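Each chain, written out:
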Amino acid sequence: MDKTLTAVVVVACILSWVHNPARAETIRVFQDGTGDYADLPSGLDAAAEGDTILVGAGRYTEARDVVLGCCLSVATNAPVSVPEITIIGSGRDVTIIGPAARVASGSLTVGIGTVQRMPGLRIESLTIQNLNVGIVAYGDLDIWNLSIKDISDAGVFRDSVDTALITGCSFVNCDYLGIQLSNAGNVWVSGCEFTGQSSSSLDLWNSHNVNFVNSRSEGAWIALKSTQGSTLTVRDSYVRAGKDAGAVSGRGSMWVYDSYFEGDEAAFLGFSGARVEFHRSRLVGHQMTVFLGNTPDVQFSENDLLHNGQWAVYLDDIYDMNGEKLDFRNNWWGTTDLDSIQSWIVDADHPIHDNDPREEGYVEFLPILEGSVPTRRQSVGGLKGRFREP
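What counts and what doesn't
- Within each chain, residues carry numbers counting from 1 in the order of the written sequence.
- Per-residue local features of the predicted model are confined to residues with pLDDT of at least 70, and side-chain atom pairs are confined, for both listing and counting, to 80 or more; whole-chain, interface and lining totals are unaffected and use all residues.
- Note that water and hydrogens are dropped before the side-chain values are worked out from all heavy atoms of the structure.
- Going along the chain from the N terminus, every DSSP run of H or I of four or more residues is numbered as a helix, and every run of E of two or more is numbered as a strand.
- Think of it in three bands: with a 1.4 Å probe and only protein chains considered, a residue is buried below 20% of the maximum accessible area for its type, exposed above 50%, and partly exposed in between.
- Here, residues are in contact when the closest pair of their heavy atoms is within 4.5 Å.
- Using a 1.4 Å probe, accessible areas were evaluated by the Shrake-Rupley method; residue-level cover was limited to the displayed protein chains.
- If DSSP finds at least two bridges between two strands, the strands pair.
- Nonpolar cores are built from buried Ala, Val, Leu, Ile, Met, Phe, Trp, Tyr and Cys residues. Side-chain atoms within 4.5 Å join them into one set.
- Side-chain atoms alone can form a polar contact between residues adjacent in sequence; in general such a contact is a pair of N or O atoms within 3.5 Å, and within protein one must be able to donate a hydrogen while the other accepts it.
- pLDDT measures how confident the predictor is about each residue, on a scale from 0 to 100.
- Aromatic pairing here means that ring centres of Phe, Tyr or Trp (its six-membered ring) are within 6.5 Å. Orientation follows from the plane angle: under 30 degrees is stacked, over 60 is edge-to-face, and everything else is tilted.
- Two conditions define a charge located above a ring, namely a distance within 6 Å from the ring centre to NZ of Lys or CZ of Arg, and an angle within 35 degrees of the ring normal.
- A side-chain nitrogen of Lys or Arg and a carboxyl oxygen of Asp or Glu constitute a salt bridge if their distance falls within 4 Å.

Undergrad: Give a description of the overall build of the protein that names residues and reports values.
TA: A count of helices and strands for the protein gives four helices and 36 strands. Across the 390 residues of the protein, 52% fall into the buried class. Counted over contacts in the protein with a minimum sequence separation of 6, partners at least 24 positions apart contribute 44%. Summed over all atoms, the accessible surface of the protein reaches about 16,200 Å², with 50% contributed by carbon and sulfur.

In structure tokens:
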């Protein structure tokens, strides 16, 4: 054999071995004793890089105290200590991780957690229930078709990781947060539903390139929150909040397309240098539609900006803007009466700010659209029908 060809074959074999570990096995965890192990901690103890854990029907309550991240000892039902592990349930209606009764907030219990920065964790087709936190991941994460419910704090917590795919999951009654991301990047939340969160469905801190797509959130206090330089893109989603549907602060960013945002107080709030864009969406606020404080970098175009309260757009802390105009051109305001629209906008021209010469920000709203913005896309889950509700 030619020496060059021989070298190529050897290199190919080495690369194949590196990317496909020699020991990639399937470990069966069945409560009835017909598998390799009857509890998750024992099955994961036996796992090596690249292994798959098949979990049978039943409720798995066994837990082990392990240190997650750097220093916190937590009772964990499925502690993951090697990379590239896949955990597959027998269906989210039949495979359940967690105790039968709810635990109190702060009890330090976790369903599935990585003991340190551990890439390649994949989880499919099961339920995580009645814990303090559903999933704690310090590494890449791919979860699909999970039900995460009756959680006292956060459904999913991820810190200092590069990539996550969260697809087709249901977050129900995660009392504080659905998903919390800190120092994360390249995250896709797609086809998910959130109900019953008391604080936020999605909470971002210094996290970048986060996408919330074709998903639904109902009932959270502030549904989608982007802070401390985080960047969030929302597409084809329905967001209904007990207070504010979306909020950005600390130089965070939010770009919204073809979506529905409604809040009992405001559809959107922006503070402290936030960057904001809304396009082809419907915004409904029951006290004010859009509230902006020290947020000069905004663009709202081809939206329905509908208010059931006093104000459509309220500017606050609009100091030192040197007469800069915020771009609200080409939107439908529910009327073509320009005087009415102007009266619903609080900017430097409004009597509220007339006594403060430092207030220098303005809303540029002309030209306006003469009718409601048509829905441009059809989303899974009936978004189109909800979008057109009056």
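Undergrad: Hey, could you go over the pairing of strand β13 (residues 164-167) for me, with residue numbers and the actual values?
TA: Alternating residues of β13 divide into Ala164 and Ile166, all buried, and Leu165 and Thr167, none buried. Across four bridges, the pairing between strand β11 (residues 141-151) and β13 is parallel. Bridging across to β13, isoleucine 143 finds its partner in isoleucine 166. Sheet analysis places β13 next to strand β16 (residues 185-190), joined by four bridges and oriented parallel. Each bridged residue has a counterpart across the sheet, and for leucine 165 the counterpart in β16 is tryptophan 188.

Undergrad: Explain unusual backbone geometry to me, using residue names and the numbers behind them.
TA: Each neighbour pair has its own omega, and for leucine 366 with proline 367 the value is 0°, a cis peptide bond. A positive phi angle is found at serine 125, which is not glycine, with a value near 55°. Of note, serine 125 is situated in strand β9 (residues 121-129). For serine 125, a relative accessible area of 11% gives the class buried. Phi angles above zero are rare outside glycine, and asparagine 214 is one such case at about 50°. Position of asparagine 214 relative to the elements: it lies in the loop between β19 (208-213) and β20 (216-218).

Undergrad: Help me get a handle on the nonpolar core, residues and values and all.
TA: Nonpolar side chains in soluble globular proteins generally cluster together in the buried interior. Formed by 79 residues in total, the largest nonpolar core has its most connected members in Phe261 and Phe328. Tallying contributions element by element places β11 first for this core, with five residues. Not counting chain neighbours up to four residues away, the residues in contact with phenylalanine 328 comprise Val290, Leu292, Val298, Phe300, Leu305, Val313, Trp333, Val363, Glu364 and Phe365. Of all hydrophobic cores here, the second largest spans ten residues; its members include Leu68, Val115, Val136 and Phe157.

Undergrad: Give a detailed account of the side chain of threonine 95, specifying residues and quantitative values.
TA: Tracing the chain through its elements places threonine 95 in strand β7 (residues 95-97). Residue classification places threonine 95 among the buried positions, given a relative accessible area of 0%. At 2.9 Å, the side chain of threonine 95 and the backbone nitrogen of serine 90 are in polar contact. When near neighbours in sequence (up to four residues on either side) are disregarded, threonine 95 contacts Val55, Gly56, Ala57, Gly58, Tyr60, Gly89, Ser90, Ser125, Leu126 and Thr127.

Undergrad: Residues and numbers for the confidence of the model for the protein, please.
TA: Any region with low pLDDT has predicted coordinates that should not be read closely. Of all residues in the protein, 83% have pLDDT values of 70 or greater, and the mean over the chain is 86. Note on residues 3-19: pLDDT is under 50 here. Beyond four places in sequence and across chains, it has two contacts.

Undergrad: Describe in detail the packing of aromatic side chains, supporting the description with residues and values.
TA: Two numbers describe a pair of aromatic rings. These are the distance of the centres and the angle of the planes. Counted by the stated rule, this structure contains 13 aromatic pairs. Ring centres of phenylalanine 268 and phenylalanine 278 lie 5.4 Å apart, and the angle between their planes is 70°; this geometry places the pair in the edge-to-face category. Here the residue phenylalanine 268 occupies a position in strand β27 (residues 266-271), and phenylalanine 278 occupies one in strand β28 (residues 275-279), the gap between them amounting to ten residues. Given the relative accessible area of 0%, phenylalanine 278 is considered buried. Members of the aromatic cluster, joined through ring pairs, are Phe261, Phe268, Phe278, Phe300, Phe328, Trp333 and Phe365. In this structure, arginine 235 packs its charged tip against the face of tyrosine 257, placed 4.3 Å from the ring centre.

Undergrad: Residues and numbers for the pattern of salt bridges, please.
TA: Within the structure shown, the criterion is met by 15 salt bridges. The partner of arginine 275 in a salt bridge is glutamate 277, and the shortest N-O contact between them spans 3.9 Å. Through salt bridges with shared partners, a single ionic network connects Arg240, Glu262 and Asp264.

Undergrad: Could you give an account of the environment of glutamine 180, naming the residues involved and the relevant values?
TA: Looking at the element boundaries, glutamine 180 is found in strand β15 (residues 177-182). Not counting the four nearest positions on each side in its chain, glutamine 180 is found in contact with Val156, Phe157, Arg158 and Asp203.

Undergrad: Which residues make up the side chain of asparagine 130, and what are the values?
TA: Take asparagine 130: it is sitting in the loop between β9 and β10 (133-137). Polar side-chain contacts of asparagine 130 include one of 2.9 Å to the backbone oxygen of proline 99. Residues in contact with asparagine 130, not counting those within four places in the same chain, are Arg59, Pro99, Ala100, Ala101, Arg102, Val103, Lys149, Asp150 and Ile151.

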